[in-house]
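Topology and contacts: notes
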Amino acid sequence: MCDATTAMQRSRQFIHNAVFHGFPLIWLLPITLLVCGCSLSTGAEAPPALRAEVPSPTRQQPQVQQPAGVTATVDEEPQSPTPVPTTPAPTAPTRTVAEPTPSPITPEETENAAPSLATPTPQRETERAAGEATAVLDSAPAPAPVGTVVYYEESITLPTYPYERYQTSEIDPRYNWPYQRFDMERFRAEAPTPEPRSYRLLVLENAYLKLSILPELGGRIWQVIHKPTGAPIFYQNSVVKPTHWGVAEQLGWMALGGIEWGLPVAEHGYDWGVPWGYIPLQHSEDLAAVTVFTPRDGRLLTASITISLRAGAASFDIEPTLTNLAEHPLAFSYWQDAMLAPGSGKKPSADLRFILPTDRVRLHSTNDATLPLPGESFSWPLYQGRDFSRVGNYTQYLGFFEEPAAHGPFVAAVDPTYDVGVVRIFPPEVMRGSKVFSLGWRDALESSNFTDDDSAYVEMHGGLAPTFGDEVQLPAAGAISWREVWYPVTGLTTVSVANEIAALAATITDESLQVGIYGTRPLDGSVVVVEGSGPLADEGQEDGGEESESEEVVHALDSSSALASIPFQTRPDAPFHGTIALAGRANESLVIQLQDSGGHILLTDLLKLTP
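Residues numbered from 1 in each chain as written. Predicted model: local features only at pLDDT ≥ 70, side-chain atom pairs only at ≥ 80, totals over all residues. Heavy atoms only, no water.

The subject of this paragraph is the overall build of the protein chain. What the protein chain contains, in helices and strands, is four helices and 38 strands. Residues counted as buried form 59% of the 611 residues belonging to the protein chain. Taking all contacts inside the protein chain whose residues are at least 6 apart in sequence as the whole, residues at least 24 apart take part in 73%. For the protein chain, the computed accessible surface area is about 22500 Å², with 50% contributed by carbon and sulfur atoms. (Helix = DSSP H or I, 4+ residues; strand = E, 2+ residues; numbered from the N terminus. Buried < 20%, exposed > 50% of the residue type's maximum accessible area, 1.4 Å probe, protein only. Contact = heavy atoms within 4.5 Å. Areas by Shrake-Rupley, 256 points an atom, 1.4 Å probe, with all protein chains shown as cover.)

What follows is the structure, given as structure tokens:
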């Protein structure tokens, strides 16, 4: 027998390899049980610990779902979401699942003369027979189970414009990738109206979080609810409506909300309107997951994303795997786009703040004439007296990248008006792009461009390359995989530093230090503060996560010689707040360290003090 984590890793690897070699996915479910030596169940009722909180789901048999209309087997393991539905009728559709057939892809000839490319650092490539290359965060110990975690399915009805009526099928020959070209002029001229349409909703739920996934809308994560407060973290559009935005040769992109997966071209990619397949996996009452994945329809690049949730954790994991099925190296783009409205799900406030661990950003696009030109950089967060971390200080729409690349290992957005934010933890040596976008504030882009109400959102992008103009390359039969951790935060007005265990907010007021801690699991320990620069966890990482030769190791601070040490307790439903007096300090910087009750380091931060 194996534990839940080992079972998840084995089953993901087994499904990935078996599908690549053309085995029908329906065969994999019983075989996966033997490979893992563990039980696998799907569609189960909520266990007793959650039964009072979770809607009664309908029990289902284990199954692999493929996109409607796909007649070949789906490729790879599951991957993450992208926005937009594709169903043939404006009424609630009947979803049919095509039987998989074991017909492996034969890559067709494509142009392989690629421009000079940026490659992930380090290059994550491997021969498929040798297994996929994987970059993971330094994994924290699994949280102690609190209740259980369950997987079940629901349906949701959304007003949906008949966008299929205005689409024509095209192929991008570089990737042999099918996409739908949208006729925006005819759509505007005919001015159709939306009609109710039903979509399947895949749900992962534990005591702290409820995650919803829409496989028919690109496999996107639709929403995450922080159950102790009932607060959503992602924007949720009330209507499925095409826009005039998106890839120039495609258009029709839909700002549906949640997290979408953009590939093989930059920004939103092609697949926002394509149903993705999915495989639900529940190994135990402590760990459940859903893998969503692109159809196996002859495209040369495939994607699968595993979204997992543990009992006792107020965070969730995203593990993408991208594979080049071509017989030659393939350059491409991958960007995941989170559309946010923390706390309301409908509109961020003027006080929402982006938190980026950088001091310079590179402009992507804006109509604000007071800012530099696209491609030029400016200081962050203050530029010409304006604080660009605060959305209310924007005039028109604005998007920019971290300069020269993502610094990591976290980014965040916090809206103090709603007392809710979101934190993303990621490996910056792999995900080298970090971008944010706002529709603007005083002269914002009109909501009518993408919805039928006055809702709005901001965006937080992460990509394999530093900017939309850069690409990464995989060798023939190469694959890249990595792990991210996402979670909501409450009770914090900012985030000074974060990892997958906790987020820390540290601010100076007069002669005291205000400390706020949000734990992604129940934690207790001490906040230790010393003067000086001290040892820091990421001291040896510079310029977007590339390791320097002088990387330092973090040591536990000695509380006996500390400026202050106070105990703390925090849970996902009860953030910690404390005050530390700073009278008599001589240094201009402080090291703040969170230690658990056994003296193990949870988090370390350097706080620069202003005179």
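Attention shifts here to the pattern of salt bridges. The final tally for this structure, using the stated rule, is 20 salt bridges. A salt bridge links Asp 183 to Arg 186, with the nearest nitrogen and oxygen atoms 3.7 Å apart. Relative accessible area serves as the criterion here: at 32%, Asp 183 is assigned to the partly exposed category. Between Arg 362 and Glu 403 there is a salt bridge, and its shortest N-O distance comes to 2.9 Å. Here Arg 362, found in strand β17 (residues 360-366), pairs with Glu 403, found in the loop between β21 (398-402) and β22 (410-415); they are 41 residues apart in sequence, far enough to count as distant. The partly exposed category is assigned to Arg 362, whose relative accessible area is 25%. Residues joined by salt bridges that share partners form a network here, namely Asp 183, Arg 186 and Glu 190. (Salt bridge = Lys/Arg side-chain N within 4 Å of Asp/Glu carboxyl O.)

Counting buried positions along strand β25 (residues 458-463) gives six out of six residues, so the element sits mostly inside the fold. As defined by bridge partners, strand β15 (residues 335-340) adjoins β25 across six bridges and the pair is classed as antiparallel. Bridged to Met 339 within β25 is Glu 459. The pairing of strand β24 (residues 433-438) with β25 spans six bridges and is classified as antiparallel. (Pairing = 2+ DSSP bridges.)

Counted under the stated rule, the structure contains 22 aromatic pairs. Feature note: the residues Phe 378, Trp 380, Tyr 383, Phe 388, Tyr 394 and Phe 400 constitute an aromatic cluster, connected by ring pairs. Positioned above the aromatic ring of Trp 177, the side-chain terminus of Arg 299 is 4.2 Å from the ring centre. A cation over an aromatic ring shows up here: Arg 424 above the ring of Phe 426, its NZ or CZ 3.9 Å from the ring centre. (Phe/Tyr/Trp six-rings, centres within 6.5 Å; stacked < 30°, edge-to-face > 60°. Lys NZ or Arg CZ within 6 Å of the ring centre and 35° of its normal.)

What follows deals with the side chain of Arg 483. Relative to the helices and strands, Arg 483 resides in the loop between β27 (479-482) and β28 (484-490). Judged by its relative accessible area of 9%, Arg 483 is buried. Polar contacts involving the side chain of Arg 483 include one to the side chain of Asp 317, which spans 2.9 Å. A polar contact of 2.8 Å, which involves the side chain of Arg 483, links it to the side chain of Glu 500. (Polar contact = N/O pair within 3.5 Å; in protein donor to acceptor, adjacent residues only side chain to side chain.)

The four strands lie next to each other as β35-β32-β37-β38, forming an open sheet whose pairing is antiparallel. The two strands at the open ends of the sheet, each matched to only one other strand, are β35 (564-570) and β38 (601-608). Strand after strand, the sheet turns through a mean of 20° between neighbouring axes, direction not considered. Bridge count between strand β32 (residues 523-531) and β35: seven bridges; the pairing is antiparallel. Counterpart to Gly 525 in the pairing with β35 is Phe 568. (Axes fitted to C-alpha atoms, helices over the stretch in contact; angles between N-to-C directions.)

With that out of the way, let us pick up unusual backbone geometry. In this model, Glu 403 is joined to Pro 404 through a cis peptide bond whose omega is -5°. Counting through the fold element by element, Pro 404 comes out in the loop between β21 and β22. Note that the residue after Gly 408, namely Pro 409, is joined by a cis bond; omega there is 0°. One non-glycine residue, Leu 251, lies in the positive phi region at around 60°. By the element assignment, Leu 251 lies in the loop between β8 (231-232) and β9 (258-262). Unlike most non-glycine residues, Glu 267 shows phi in positive territory, near 70°. Summarising the element assignment, Glu 267 is placed in the loop between β9 and β10 (277-284).

Turning our attention to the nonpolar core. Phe 316, Tyr 334, Leu 464 and Val 527 are the most contacted members of the largest nonpolar core, which has 115 residues in total. With residues up to four places along the chain from it excluded, the contact list for Val 527 reads Val 515, Ile 517, Ala 564, Ser 565, Ile 566, Phe 568, Phe 576, Ile 580, Ile 592, Gln 593 and Leu 594. With 29 residues, the next largest nonpolar core counts Tyr 161, Phe 182, Leu 256 and Met 339 among its residues. (Core = buried A, V, L, I, M, F, W, Y, C linked by side-chain atoms within 4.5 Å.)

Taken in spatial order, the four strands make up an open sheet running β29-β30-β31-β36, and their pairing is antiparallel. The outermost strands of the open sheet, each flanked by one partner alone, are β29 (497-498) and β36 (576-581). Strand direction decides the pairing type here: strand β30 (residues 502-509) and strand β31 (residues 512-519), joined by eight bridges, are antiparallel. The partner of Ala 502 across the bridge, within β31, is Gly 519.

Of the residues in the protein chain, 70% have a pLDDT of 70 or more, and the chain-wide mean is 78. Contacts of residues 17-63 to residues separated by more than four positions or lying in other chains number 108 contacts, the stretch itself having pLDDT below 50. (pLDDT = per-residue confidence, 0-100.)

A separate point is the environment of Pro 196. Note that Pro 196 resides in strand β5 (residues 195-205). According to the relative accessible area criterion, Pro 196 is exposed, its value standing at 54%. With 39 residues separating them along the chain, Pro 196 and Thr 157 place their C-alpha atoms 6.1 Å apart.

Position of Asn 393 relative to the elements: it lies in the loop between β20 (386-387) and β21. Of note is the side chain of Asn 393, whose polar atom sits 2.9 Å from the backbone oxygen of Asp 387. Beyond its immediate sequence surroundings of up to four residues, Asn 393 is in contact with Arg 386, Asp 387 and Arg 442.

For Gln 396, the location among the structural elements is in the loop between β20 and β21. According to the relative accessible area criterion, Gln 396 is partly exposed, its value standing at 21%. When the C-alpha atoms of Gln 396 and Ser 438 are compared, they prove to be 8.4 Å apart, with 42 residues separating the residues in sequence. Residues in contact with Gln 396, not counting those within four places in the same chain, are Asn 367, Asp 368, Leu 439, Gly 440 and Asp 443.

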